[in-house]
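If you want the building blocks of each chain, they are given just below.
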Amino acid sequence: MRLLKQEYSIIFRKKTTYMLLAITIISAILLPILSFQTFEYTFVNNKGEKVKENGISAIIKANELQKPIAGKVDSELINKSLNVYYKSLNSEDGKINWNEEFTIYKPINENLLYYLIENFKERNIGKEETITSISNNFYDLRKDMQKKGFAETLNKNEQVYGEMLESKVDEPYIFEPHNGWDMYIMFLSYFFKISMVVSIIFISPLFTESKENNSMDIIYATKNGKMKYKIIRLFTSVSFSCLLSILGVIIYLIAGRFVLNYDGLKTSVQLIQLFSPQPINIGRLLFEVISFGLIGVLSVSNITAYCSYKLQKGRNVGLIMIGSFIIYIILNGLVNIPGDLGKTLFDLIPFRASDIYFILLEGVNASKILITLGNEKILLFMLLLYVVVANFKIIKCNQ
């Protein structure tokens, strides 16, 4: 216990600790605010004029506006939504005559029915009998389009996995006003990227610091010093790194509590991404992003600790880990990974945990090995494996 207190006191005596704490807190405050600012919605004022608003006030106003249509997305709601759409459509130029009713049903038309409207444009979809037909068969029509998409873009193994996920999706979907949640969760993914960099900076000098000031030889000369030193230092530093992330997540969630509609967490994820085959709601999506993000930080922290134990200089550890992170970002955003093996290896990188939001919304993965269990499940296994192996290597190493 005394050694634990001593290690934590060393952590709190470092200027770097407070710098990284400040970065974590500032990120956890600024990122949700930025996510709120990306939200934009078109309202109709008392004069019947179209007015665009953005930010926190727009989120709160849109959530209030859409409360009357909350509930199951059944044929009745779809029928009403389509009727509102075509009642508002100008038959001469195809533009929308904005009205309050149109703004209320906008998320249903925009997120669920847009593709169907585009698909049926040449079939006089505005006719009442066509609207009724689509309303009664919406879920079957979506499944047919999904199946066609699977056949065009996925191999057989991937199609089987995608169809397995599809079979578990609850119908009818649930709609609750969820304005702001999509970008809020996406920006939470960015927070975990920052947390991973913070953990790398914090953990890099974990063991190299003692090598550079020659204190390690003195510690190792004491009875049981070597083993105790490794375990205590590893535990305190990695736990503190994770606590920083947890603190950031708590602040991030508090920021959302004052703005977002928490009933929106019940909304089916298909209201964000129509063709996602994931059988989850927005609440489960948020939970997965937080869980994988924290485990990802734990995994990156332990890998960094192992590098710190094996290398001589903390700067080299930081350069290797941050360099690897930058390469991952470049590959993830700019490069199309060739081949199934390449995609599989890419999906096993620990930094991938910060992108679980995108993995879940896509729903299927191009890597054959991952298709069997589901990419997020095998990624979770690999993250935990990294933690176990890194700790085992450090504790059992005789150096």
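Note that the structure is predicted; figures quoted are calculated from it, not measured.

Caption draft 1: How the structure looks around the overall build of the protein. Across its full length, the protein carries 17 helices and four strands. Expressed as a percentage of its 399 residues, the buried residues of the protein come to 49%. Here the analysis covers contacts within the protein between residues at least 6 apart in sequence; of these, 76% occur between residues at least 24 apart. Here the protein has roughly 20000 Å² of accessible surface; of this, 60% comes from carbon and sulfur atoms.

Caption draft 2: Expanded view of the packing of aromatic side chains. If you walk through the whole model with that rule in mind, you get 20 aromatic pairs. Ring centres 5.2 Å apart and planes at 35° place the aromatic pair F202 and F240 in the tilted group. Of this pair, F202 sits in helix α8 (residues 181-203) while F240 is found in helix α11 (residues 225-257), placing the two residues 38 residues apart along the sequence. Pairwise contacts between aromatic rings join F36, W181, Y184, F191, F192, Y252 and Y262 into one cluster. Positioned above the aromatic ring of F43, the side-chain terminus of K61 is 4.6 Å from the ring centre. K106 extends its terminal NZ or CZ atom over the ring of Y41, reaching a point 4.9 Å from the ring centre.

Caption draft 3: Structural view of helix α2 (residues 15-37). Counted at 1.5 Å a residue, the expected span for α2 with its 23 residues is 33 Å, and the 33 Å between its end C-alpha atoms agrees. When we look at burial in α2, the residues that qualify are T17, L20, T24, S27, A28, L31, P32, S35 and F36.

Caption draft 4: Layout of the pairing of strand β2 (residues 50-54). Relative to β2, strand β1 (residues 40-44) runs antiparallel, the two being bridged by five bridges. Each residue of the ladder has a partner; that of F43, found in β2, is V51. From the end of β1 to the start of β2, which pair antiparallel, there are five residues, and G48 there has a positive phi angle of about 80°.

Caption draft 5: Structural context of the packing of α8 against helix α12 (residues 282-310). Between α8 and α12, the least distance of the axes is 9 Å, while the angle of their chain directions is 15°. In terms of axis orientation, α8 runs roughly parallel to α12. As α8 runs across α12, the sense of the crossing is right-handed. Residues that form the contact of α8 with α12 fall into these classes: 16 nonpolar, eight polar and no charged.

Caption draft 6: Geometry of unusual backbone geometry. The residue after E171, namely P172, is reached through a cis peptide bond having omega -5°. Along the polypeptide, P172 turns up in the loop between α7 (156-167) and β4 (174-175).

Caption draft 7: Region of interest: α8. An ideal rise of 1.5 Å per residue puts 33 Å on 23 residues; α8 measures up with 32 Å between its terminal C-alpha atoms. Within α8, 17 of the 23 residues are buried, which leaves the element mostly enclosed by the surrounding structure.

Caption draft 8: Quick look at a nonpolar patch on the surface. Residues I26, I29, L30, I33 and L34 make up a contiguous nonpolar surface patch of roughly 430 Å² in combined accessible area. Checked against the element boundaries, I26 lands in helix α2. In this structure I26 comes out as partly exposed when scored by relative accessible area, which is 48%.

Caption draft 9: Up close: the packing of α2 against α8. Contact geometry of α2 with α8 gives a least axis separation of 9 Å together with a crossing angle of 170°. Here α2 lies roughly antiparallel to α8, going by the angle between them. Contacts between α2 and α8 involve T16, T17, L20, I23, T24, S27, A28, L31, P32, L34, S35 and F36 on the former and, on the latter, M183, Y184, F187, Y190, F191, I194, V198, I201 and F202.

Caption draft 10: Quick look at the pattern of salt bridges. All told, the structure shown has ten salt bridges when counted by the stated rule. Ionic pairing is found between E110 and K106, a salt bridge with its closest N-O pair at 3.1 Å. With E110 and K106 both in helix α5 (residues 100-119) and four residues apart, the pair spans about one turn of that helix. By relative accessible area, E110 is classed as partly exposed at 46%. In this structure, E166 and R142 form a salt bridge, with 3.0 Å as the shortest nitrogen-oxygen distance. With E166 in helix α7 and R142 in helix α6 (residues 128-153), this pair connects stretches of sequence that are 24 residues apart. When sorted by exposure, E166 lands in the same class as R142, which is buried.

Caption draft 11: Main features of the nonpolar core. The biggest cluster of nonpolar side chains holds 76 residues, and the ones touching the most others in it are I185 and L285. Setting aside its immediate chain neighbours within four residues, L285 contacts I185, V269, I272, I280, Y357, L360 and L361. If you look at the next biggest cluster of nonpolar residues, it comprises 16 residues, including I203, Y229, L234 and F240.

Basis of the calculations
Residues numbered from 1 in each chain as written. Predicted model: local features only at pLDDT ≥ 70, side-chain atom pairs only at ≥ 80, totals over all residues. Heavy atoms only, no water. Helix = DSSP H or I, 4+ residues; strand = E, 2+ residues; numbered from the N terminus. Buried < 20%, exposed > 50% of the residue type's maximum accessible area, 1.4 Å probe, protein only. Contact = heavy atoms within 4.5 Å. Areas by Shrake-Rupley, 256 points an atom, 1.4 Å probe, with all protein chains shown as cover. Phe/Tyr/Trp six-rings, centres within 6.5 Å; stacked < 30°, edge-to-face > 60°. Lys NZ or Arg CZ within 6 Å of the ring centre and 35° of its normal. Expected span 1.5 Å × (residues − 1). Pairing = 2+ DSSP bridges. Axes fitted to C-alpha atoms, helices over the stretch in contact; angles between N-to-C directions. Parallel < 35°, antiparallel > 145°, perpendicular 65-115°, else oblique. Left-handed = near helix turned anticlockwise from the far one by under 90°. Nonpolar A, V, L, I, M, F, W, Y, C, P; charged D, E, K, R; others polar. Patch = residues over 30% accessible without salt bridge, like charges linked within 9 Å, V, L, I, M, F, W, Y side chains within 5 Å. Salt bridge = Lys/Arg side-chain N within 4 Å of Asp/Glu carboxyl O. Core = buried A, V, L, I, M, F, W, Y, C linked by side-chain atoms within 4.5 Å.

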